[in-house]
Amino acid sequence: MALLQTVQLEHLPQSHSIHIALYRNLQNAAFLQQQLLEGNTDYEYALIDASVIVSKIHALAAVYRAVNDLLANRLRSRNVHSEIVFSLSPNNNISESFRRFGIQPTTTSLLLIKVSTPTSETSPSDLSSRLSTQIQGDAVPFTDEEIGTMTDLGRVRKIYKLNVPGGGGKKKDGNTAEERREMEMLILGAMALRGATN
Amino acid sequence: MIAIGLEGSANKLGVGIISHPGPGKPAQVLSNIRDTFNAPPGEGFLPKDTAKHHRSWFVRLVKQAMIEAKVSTRDIDCICYTKGPGMGAPLQSVAVGARMLSLLWEKELVGVNHCVGHIEMGREITGAHNPVVLYVSGGNTQVIAYAEQRYRIFGEALDIAVGNCLDRFARTLEISNDPAPGYNIEQLAKKGKVLLDLPYAVKGMDCSFSGILACIDILAADLKANPNWRDPITNEVITTADLCFSLQETVYAMLVEITERAMAHVGSSQVLIVGGVGSNERLQQMMGLMARDRGGSVFATDERFCIDNGIMIAHAGLVAYKTGFRTPLEESTCTQRFRTDEVFVNWRD
Amino acid sequence: METPTVPPEPIVSQTSSTPANLPQILTYPSKTPPQLITQGAEALLYKSTYLLPTLPCALKYRPSKPYRHPILDVRLTKHRILAEARVLVKCRKEGVPVPAVYALDESKGWLCIEWIEGEVVRIRLNEWLRRRKEAGTEEGSEEEELVDLMGRIGSAVGKMHGVGIVHGDLTTSNLMLRPWAKGVMNGHSSEDGKGILEGEIVLIDFGLASQSTADEDRAVDLYVLERAFGSTHPRAESLLKEMLTAYGKSFKGANVVLKKLEDVRMRGRKRSMLG
């Protein structure tokens, strides 16, 4: 049974709501990725490898960007769901972003996001029942605590180039709440700029 | 009280006679005449030639101004002259003339800061009580706000004045300097439509024009070498009118921006534009749009007062004279560098 | 008038909080309506929330300027939003105290950044000066708080310069005083009535900032701040040297900049002024 959370993000139209589910111990990663590659419309979700997510806000920021771009008619990828994955990226390389953030056969923690729009409405109950058959894994609540246990900090730092020597003079092992928050701040900035650095 | 004002810091020699009838009553312009020295197209005016012009016109203009004002030397209370800033030789010529009148008529002298002259005249004519002032001319570009007995410079051109930039471009294009190079650029710009990409150099509260001048000079040379240069978007042939248009749109946007910054910082909604470049209609229009957007208004004077003139010197001088300010003969020097904020504005609180 | 959780500056012009001045995203619903904080020369600043109602943010919106040619306007707006974001991100990465960047949309002219609690130095300083005047305190006496503030400003500016960023618009409206984090008093006292100049300096409004290590640019940055003090707080001008002393200690090469500053000051006075 999915523990689906429905979020209404600030400053998005009421018509666009977000459904989020988080899973551990994913069993059918390869299968799910295959559905995506084949464009199976039953699997139109953002399927994100949760090990590169540091917090709820991190994920939601990507959602906001993607939905905002959808509303402004400037998606760079196939649909709003693939756009969410792309929006996690610090640069404009779309295929690289799928490799880094999207589901891979090796993915064990999965963050699943479904955007409900006026042209493609999804109700939580429908979604929930679909997911219980589609996703083979242990559903957990979408919280910072759960996500925190899934994050591969080393990979995250590498992707977002966060190993800056002399940055604030602090030791970077990223384990205190303050350090994580600061990391999150830097990630949001990198996502916002997406490739427009200098 | 009545004062005569003598201005010659650049290529305009102006003589004005002003009357301050009494407290609460507006000042009266009794006469305000001027003669401008213009260099031939493609050239700028040189100090030596300008001073010569001022010397040859001085007596003529003073006599004429007295006749028009219907005053005699007895009626004059003081002789005001531009102490600075400006070009050395022309300033000197007028200062010599002022000293001569002072000794001849046995009247006291008042040395006036040219910029303060513009500001005080602008305030008097427009009635704007405490505006942010944009002072723009061939030699000056400053954004000024009054605070605690000084006209404080909030922002300015870091290299050359905007008027200088426009004048030099007029020289590049070899257009006439008569009546003023900036005026002719303005007329040409009205026929332009293509907005070229020019460097936009606003640095904080200041701005800089030498970069944009260098760029537009290069574009003018490019245009001369390739008259069929077309705008990639509209495919229209680019003309010198487009160059003038682009230059104006960009430099005026810069000026409006630094003025707006000052207004935001000081919390004012009124702008007063003074100085020769202030007579430009497009600049006034742009400034007006900005001021209205902020719920305020723009004040500007016409060419009688915008462009260098003697009446503003008479006015600012008389205002200072009434507070007891005098310039003894020994101190009636003139100086090329005289910052607006050096003047102690004790006639305002 | 203790430190209220009220906008750092009063709303300047009522006529401008019309829908035309709201970026489109703020017209979409949120749990709390956006609050116009200030209308600066270039942009409007709103307090709002980002993503969740629990995350306050500052939304900087650069509306198009009616006086600018439309092409110039779009070009400038995009350029400035991106430039500001880049500079903020770089500063934050290096530990310079600035707001974090949350999101942006350069085509729509908005930048969403971390909300900083506190007030701008300009307001606090004027209040401090006002209180002293009211209390009849002699100028030049009991100024430790101000000296300390100037020192903190010098250090923060120095840190920023040290990472290769020049602010471009250093005024006392672009320096904020954020309340010290709980338990971190850094030896500062917090007696009632005093403490109005307390807080961590946070640099804001990097709309005209640039990436530069040139001494000239850094010196001009300091000069602009000096002049800002001179123009709006002439009574605090005498303590600029405290700021510069702290600056001089803040990074290697800072003293060279201070030397350059003398040149910039002289040049400011010797600029040719004709007609």
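Residues numbered from 1 in each chain as written. Chains lettered and ligands numbered in written order. Predicted model: local features only at pLDDT ≥ 70, side-chain atom pairs only at ≥ 80, totals over all residues. Heavy atoms only, no water.

### Regarding the domain arrangement of chain B
All names here are of chain B.
(1) Moving on: By domain assignment, chain B separates into domain 1 (2–120 + 306–342) and domain 2 (128–304).
(2) Moving on: Between the C-alpha centres of domain 1 and domain 2 there is a distance of 27 Å.
(3) Moving on: Both sides of the domain 1 and domain 2 interface together cover about 2000 Å² of buried area, and 51% of this is carbon and sulfur.
(4) Moving on: Contact with domain 2 buries surface across domain 1, with Ile119, Cys306 and Asp341 losing the most and accounting together for 32% of the total.
(5) Moving on: The interface formed by domain 1 and domain 2 holds 2 salt bridges in total.
(6) Moving on: With its nearest N and O atoms 2.9 Å apart, the salt bridge here joins Glu303 to Arg34.
(7) Moving on: Elements with a contribution of two residues or more to the side of domain 1 that touches domain 2: strand S3 (28–36) and helix H3 (114–126).
(8) Moving on: The greatest single-element share of the side of domain 1 that touches domain 2, amounting to 6 residues, is contributed by H3.
(9) Moving on: Residues of the side of domain 1 that touches domain 2, tallied by class, amount to 8 nonpolar, 8 polar and 6 charged. (Domains from an automatic or database assignment. Buried area = accessible area lost by both parts, 1.4 Å probe. Salt bridge = Lys/Arg side-chain N within 4 Å of Asp/Glu carboxyl O. Helix = DSSP H or I, 4+ residues; strand = E, 2+ residues; numbered from the N terminus. Nonpolar A, V, L, I, M, F, W, Y, C, P; charged D, E, K, R; others polar.)

### Here's the deal with the packing of aromatic side chains
(1) Moving on: What the rule picks out here adds up to 7 aromatic pairs over all chains.
(2) Moving on: Relative to Tyr43 of chain A, the ring of Phe31 of chain A lies with its centre 5.8 Å away and its plane at 85°, an arrangement referred to as edge-to-face. Pair noted here: Phe31 of chain A is in helix H1 (residues 29–38) and Tyr43 of chain A is in the loop between H1 and strand S3 (46–49), with a separation of 12 residues, a long-range link.
(3) Moving on: Residue classification places Phe31 of chain A among the partly exposed residues on the basis of a relative accessible area of 40%.
(4) Moving on: Ring centres of Tyr43 of chain A and Tyr45 of chain A lie 6.4 Å apart, and the angle between their planes is 75°; on these two criteria the pair is classed as edge-to-face. The pair formed by Tyr43 of chain A and Tyr45 of chain A is uniform in burial state, with each residue classed as buried.
(5) Moving on: Joined through ring pairs, the aromatic side chains of Phe31, Tyr43 and Tyr45 of chain A make up one cluster.
(6) Moving on: Lying over the aromatic face of Tyr321 of chain B, Arg326 of chain B brings its terminal NZ or CZ to 3.7 Å of the ring centre.
(7) Moving on: Seen from the ring of Tyr146 of chain B, Arg348 of chain B lies directly overhead, with NZ or CZ sitting 3.9 Å from the centre. (Phe/Tyr/Trp six-rings, centres within 6.5 Å; stacked < 30°, edge-to-face > 60°. Buried < 20%, exposed > 50% of the residue type's maximum accessible area, 1.4 Å probe, protein only. Lys NZ or Arg CZ within 6 Å of the ring centre and 35° of its normal.)

### A word on a nonpolar patch on the surface
(1) Moving on: Taken together, the side chains of Val59, Met100 and Leu104 of chain B present a nonpolar region at the surface, about 280 Å² in accessible area.
(2) Moving on: Relative to the helices and strands, Leu104 of chain B resides in helix H2 (residues 88–105). (Patch = residues over 30% accessible without salt bridge, like charges linked within 9 Å, V, L, I, M, F, W, Y side chains within 5 Å. Areas by Shrake-Rupley, 256 points an atom, 1.4 Å probe, with all protein chains shown as cover.)

### Some points on helix H10 (residues 310–321) of chain B
All names here are of chain B.
(1) Moving on: In this model H10 runs 16 Å from its N-terminal to its C-terminal C-alpha over 12 residues, within 8% of the 16 Å that 1.5 Å per residue would give.
(2) Moving on: Burial in H10 covers these residues: Gly310, Ile311, Met312, Ile313, Ala314, His315, Ala316, Gly317, Leu318, Val319, Ala320 and Tyr321.
(3) Moving on: The backbone nitrogen of Ile311 lies 3.2 Å from a side-chain oxygen of the residue at the head of H10, namely Asn309. (Expected span 1.5 Å × (residues − 1). Polar contact = N/O pair within 3.5 Å; in protein donor to acceptor, adjacent residues only side chain to side chain.)

### Focus on the interface of chain C and chain A
Accessible area lost when the parts come together is the quantity often used to give the size of an interface.
(1) Moving on: Each partner contributes to the interface: chain C provides 33 residues, whereas chain A provides 32 residues.
(2) Moving on: Around 2800 Å² of area is buried between chain C and chain A when both sides are counted, 62% of it from carbon and sulfur atoms.
(3) Moving on: For chain C, the biggest contributors to the area lost against chain A are Tyr28, Leu51 and Lys93 of chain C; these three give 25% of the whole.
(4) Moving on: Here chain C and chain A share 2 salt bridges between them.
(5) Moving on: Linking chain C with chain A are 11 residue pairs in polar contact (both at pLDDT 80 or more), by the criterion used here.
(6) Moving on: Those elements that place two or more of their residues in the side of chain C that touches chain A are strand S2 (44–49), helix H1 (70–93), strand S4 (101–105) and strand S5 (110–114) of chain C.
(7) Moving on: When residues of the side of chain C that touches chain A are assigned to their parent elements, the largest contribution, 6 residues, is made by H1 of chain C.
(8) Moving on: When its residues are assigned to classes, the side of chain C that touches chain A shows 18 nonpolar, 7 polar and 8 charged. (Contact = heavy atoms within 4.5 Å.)

### Brief notes about the sheet that holds strand S7 (residues 141–147) of chain B
All names here are of chain B.
(1) Moving on: Ordered by their spatial adjacency, 5 strands build an open sheet running S8-S7-S6-S11-S12, and the pairing between neighbours is mixed. With partners counted over all chains shown, the strands left at the sheet margins are strand S8 (150–156) and strand S12 (297–300), one partner each. Put simply, the sheet's adjacent strands are angled 25° from each other on average, direction ignored.
(2) Moving on: Summarising the sheet, strand S6 (residues 132–136) and strand S11 (residues 270–274) pair through 4 bridges and their orientation is parallel. For Val133, the partnering residue across the bridge sits in S11 and is Leu272. (Pairing = 2+ DSSP bridges. Axes fitted to C-alpha atoms, helices over the stretch in contact; angles between N-to-C directions.)

### Let's talk about the interface of chain B and chain C
(1) Moving on: Facing the 56 residues of chain B at the interface are 39 residues of chain C.
(2) Moving on: Across the interface of chain B and chain C, roughly 3800 Å² is buried in total on both sides, 52% from carbon and sulfur atoms.
(3) Moving on: Sorting the residues of chain B by area buried against chain C places Leu195, His265 and Arg339 of chain B first, and these three jointly supply 17% of that buried surface.
(4) Moving on: On inspection of chain B and its partner chain C, the count reaches 7 salt bridges.
(5) Moving on: Measuring nitrogen to oxygen at the nearest pair gives 3.1 Å for the salt bridge that ties Arg80 of chain C to Glu257 of chain B.
(6) Moving on: Linking chain B to chain C there are 7 residue pairs in polar contact (both at pLDDT 80 or more).
(7) Moving on: Elements with a minimum of two residues in the side of chain B that touches chain C: H3, S7, S8, strand S9 (202–203), helix H7 (240–266) and helix H8 (281–293) of chain B.
(8) Moving on: Take the side of chain B that touches chain C: its biggest share by element is 10 residues, from H7 of chain B.
(9) Moving on: Across the side of chain B that touches chain C, the residue classes tally to 23 nonpolar, 14 polar and 19 charged.

### A look at the pattern of salt bridges
(1) Moving on: For the structure shown, the criterion picks out 43 salt bridges over all chains.
(2) Moving on: A salt bridge links Arg80 of chain C to Glu42 of chain C, with the shortest nitrogen-to-oxygen separation between them at 2.7 Å. Of this pair, Arg80 of chain C sits in helix H1 while Glu42 of chain C sits in the loop between strand S1 (35–39) and S2; the two residues are 38 residues apart in sequence, bridging distant segments of the chain. Both residues of the pair, Arg80 of chain C and Glu42 of chain C, belong to the buried class.
(3) Moving on: Salt bridges sharing common partners tie together Glu257 and Arg261 of chain B together with Glu42, Lys60, Arg62, Arg68, Asp73, Arg80, Glu84, Asp169 and Asp205 of chain C.

### Some details on the UniProt feature "binding site: a divalent metal cation" (unreviewed entry) in chain B
Residue and element names in this part refer to chain B.
(1) Moving on: Per the UniProt record, the feature "binding site: a divalent metal cation" (unreviewed entry) sits at His114, His118, Tyr135 and Asp308. Over a stretch of 195 residues, the named residues converge on one spot in the fold, their C-alpha atoms separated by at most 11.6 Å.
(2) Moving on: As for its placement among the helices and strands, His118 is situated in helix H3.
(3) Moving on: Beyond its immediate chain neighbours, meaning those up to four positions away, His118 contacts Tyr135, Val274, Gly275, Phe305, Cys306, Ile307, Asp308 and Met312.
(4) Moving on: As for its position among the elements, Asp308 is in the loop between helix H9 (303–306) and H10.
(5) Moving on: Side-chain polar atoms of Asp308 contact the side chain of His114, separated by 2.9 Å. (UniProt positions renumbered as here; feature names shortened; annotations may be inferred.)

### Quick look at unusual backbone geometry
Only a minority of non-glycine residues have a phi that is not negative, and only a minority of peptide bonds are not trans.
All names here are of chain B.
(1) Moving on: That bond from Gly84 to Pro85 is cis: its omega, -10°, falls within 30 degrees of zero.
(2) Moving on: For Pro85, the location among the structural elements is in the loop between strand S4 (78–84) and H2.
(3) Moving on: Across the junction of Asp178 and Pro179, the peptide omega takes the value 0°, indicating a cis bond.
(4) Moving on: With respect to the secondary-structure elements, Pro179 resides in the loop between helix H4 (162–173) and helix H5 (181–189).
(5) Moving on: Even without being glycine, Glu174 reaches a positive phi, approximately 55°.
(6) Moving on: Classification of Glu174 as exposed rests on a relative accessible area of 55%.
(7) Moving on: A positive phi angle is found at Asn235, which is not glycine, with a value near 65°.

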